[in-house]
Amino acid sequence: MTDKFVAAIDQGTTSSRCIIFNQDGAIVAVDQREHRQIFPKPGWVEHDATEIWSKVQAVVAGAIAKAGLRADQLSALGITNQRETTVLWDRATGKPVHNAIVWQDTRTSALCNELGGTHGQDRFRDTTGLPLASYFSGPKAAWLLDNVPGLRSRAERGEIAFGTIDSWLIWNLTGGTEGGVHVTDVTNASRTMLMDLHTLEWDPAILSVMDVPQVMLPEITSSAQVYGSAVGQLAGVPVASALGDQQAAIFGQACYDTGTAKNTYGTGSFLLLNTGNRPVPSKSGLITTLGYKIGDEAPVYCLEGSIAITGALVQWFRDQLGIIRSADEIETLAASVDDNGGAYVVPAFSGLFAPYWRSDARGVITGLTRYVTKAHLARAVLEATSWQTREVVDAMYQDSGVQITTLKVDGGMTANNLLMQHQADVLGVPVIRPKVSETTCLGAAYAAGLATGVWSDLDELKAHWRRDVEWSPRMEAQDREREYGNWRKAVERSFGWHEEDGA
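Remember, predicted model here, so these are calculated numbers, not experimental data. (Residues numbered from 1 in each chain as written. Predicted model: local features only at pLDDT ≥ 70, side-chain atom pairs only at ≥ 80, totals over all residues. Heavy atoms only, no water.)

## Comments concerning the overall build of the protein
Counting its secondary structure elements, the protein contains 16 helices and 23 strands. Dimensions of the protein, computed from the C-alpha atoms along their principal axes, are close to 65 × 60 × 45 Å. The buried share of the protein, taken over its 503 residues, is 61%. Restricting the contact set of the protein to residue pairs at least 6 apart, pairs at least 24 apart contribute 71%. (Helix = DSSP H or I, 4+ residues; strand = E, 2+ residues; numbered from the N terminus. Buried < 20%, exposed > 50% of the residue type's maximum accessible area, 1.4 Å probe, protein only. Contact = heavy atoms within 4.5 Å.)

Have a look at this one:
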């Protein structure tokens, strides 16, 4: 039997990657390139979508070359992407009309407050599963229409296309101005705050309230189907999956059964719990979202806890404070002390996401005494990730009644043994990392392979999943709860720092 190969593009917040997998789900080749982070004002974060497209083309070429393959040897191409980041482009020229507004960007906070009006943050939650927050794409699109001169009338005439990054890439991959396909999948559409979770279609009432013309929106499709054939360097390869990065990770982690959960540690961290074929409304500050939809099968839903800043806190510790030279140095520094010395770091750099949704919060360091050294701070920086995860796990239990018995983990920070041990300690359950830690790309590859017959069904994919390392809890229950209480006190100190003025 000739081995089949599937390529996956992972267009993330800080970089783009292409990974090629074989039929066993093993990595054959990887290529990766970073792109610029643009910060025009405090709280504003932008990307150049044209730069992202050129980096994506470069990593695809790089991965194919490293694998020693030709493009025509690829059976399928899948896409996974940073989710709420919003691009508007001119259909005739193919050029973006403005930099992409990144998911972390908070410029729409005032608009979200205005949209909430007397209804508050939950105005659209029953329909979309989402609280009104600057995180999501719909308000970002509305902001662009209101702030780029002449854009609204062009959008209403059908000259402008809206998309999250998956739509932008699929459109370019399948021909761009020469017949590019304008689609998004249910997982990305569920992050716009414009899609009805139950019908999986754009909601006319919300579009009207946000003043977003439907003519600019992509068609909503499943997560695993052939959208079209690539042109250019990938000529003829079926473009066959799209999943938001966190949904791709739950798919790559083989969390196909109700009650299975995973946490991905990247720029932020995202914990998803599979709730089966029905959306579970959240009363505890979580998001109800699409997990995936394979072809014509019923959609699978998830509860998600979105944490804005985890890996980005280590970057801040390295780049803004200069205490470490490389991200991996933090583990050695943190391990040189036994505990955090009483210090806690709450990384509310652009507000807090789950379970608080407080855009008025800002970062704080609490519990400082003269005893605290940079090593204690390093430890507090790492522990911020596990405490934020604990808050989300508690909220999931309150909403679903499902007690997580193990947590599957992936993402760059899982290489940090100290952090993973602390995560097991504060959750009181085993934390398990799989053999293939690139689960986001793997999920996109799996979905594309399912759509094109490389793999037959979910059971075949489940059989590929292999455990690499497991961390078991060692912390005494009373220590865990005492420190958790301190963490909660620190979080409260972060509230109310930022006055909403629309700036």
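## Focus: helix α14 (residues 439-452)
Spanning 14 residues, α14 covers 20 Å between terminal C-alpha atoms, matching the ideal 20 Å at 1.5 Å per step. In terms of burial, α14 is largely enclosed, as twelve of its 14 residues are buried. Three or more residues of α14 are buried, namely T439, T440, C441, L442, G443, A444, A445, Y446, A447, A448, G449 and L450. (Expected span 1.5 Å × (residues − 1).)

## Some remarks on empty space enclosed by the protein
One pass over the full model with this rule turns up two cavities of 30 Å³ or more. In this structure, the largest cavity occupies an estimated 80 Å³ of space. Lining the largest cavity are 14 residues, and of these I307, L352, F353, A354 and Q388 lie nearest its centre. Going through the elements one at a time, α12 (374-400) and α16 (477-493) are the ones with two or more residues in the lining of the largest cavity. Across the lining of the largest cavity, the residue classes break down as eleven nonpolar, two polar and one charged. (1 Å grid on protein atoms, 1.4 Å probe; cavity = no way out; pocket = protein on both sides within 12 Å on 5 of 7 lines; lining within 4 Å. Points joined across faces, edges and corners; volume = space filled by probe spheres on them. Nonpolar A, V, L, I, M, F, W, Y, C, P; charged D, E, K, R; others polar.)

## Points about the environment of R488
Inspection of the secondary structure assignment puts R488 in helix α16. Sequence separation between R488 and A361 is 127 residues; the distance between their C-alpha atoms is 14 Å. Among residues more than four places away in sequence, those in contact with R488 are Y356 and E391.

## Here we look at the sheet that holds strand β22 (residues 431-434)
The sheet built from seven strands is open, its strands ordered β17-β18-β16-β15-β21-β22-β23 with mixed pairing. Each having just a single partner strand, β17 (287-292) and β23 (467-471) make up the two edges of the open sheet. Across the sheet, the mean angle separating the axes of adjacent strands is 30 degrees when strand polarity is ignored. Across the sheet, helix α13 (residues 417-427) lies against β15 (261-265), β21 (407-410), β22 and β23, angled at about 60 degrees from β23, the strand it touches most. (Pairing = 2+ DSSP bridges. Axes fitted to C-alpha atoms, helices over the stretch in contact; angles between N-to-C directions.)

## Description of the side chain of R480
Residue position: R480 is located in helix α16. Here R480 sits buried without a salt bridge, and the closest side chain of opposite charge, E481, lies 4.8 Å off (N-O distance). For R480, the contacting residues outside a window of four places in its chain are W387, R390, D425, V426, G428, P473 and M475. (Lys, Arg positive; Asp, Glu negative; His and termini not counted. Salt bridge = Lys/Arg side-chain N within 4 Å of Asp/Glu carboxyl O.)

## Here's the deal with the layout of surface pockets
Quantified by volume, the second largest pocket comes out at close to 260 Å³. If you trace the second largest pocket, you find 18 residues lining it, with N113, Q121, L132, W357 and S359 closest to the centre. Each residue belonging to the lining of the second largest pocket can be placed in one class, and the counts come to six nonpolar, nine polar and three charged.

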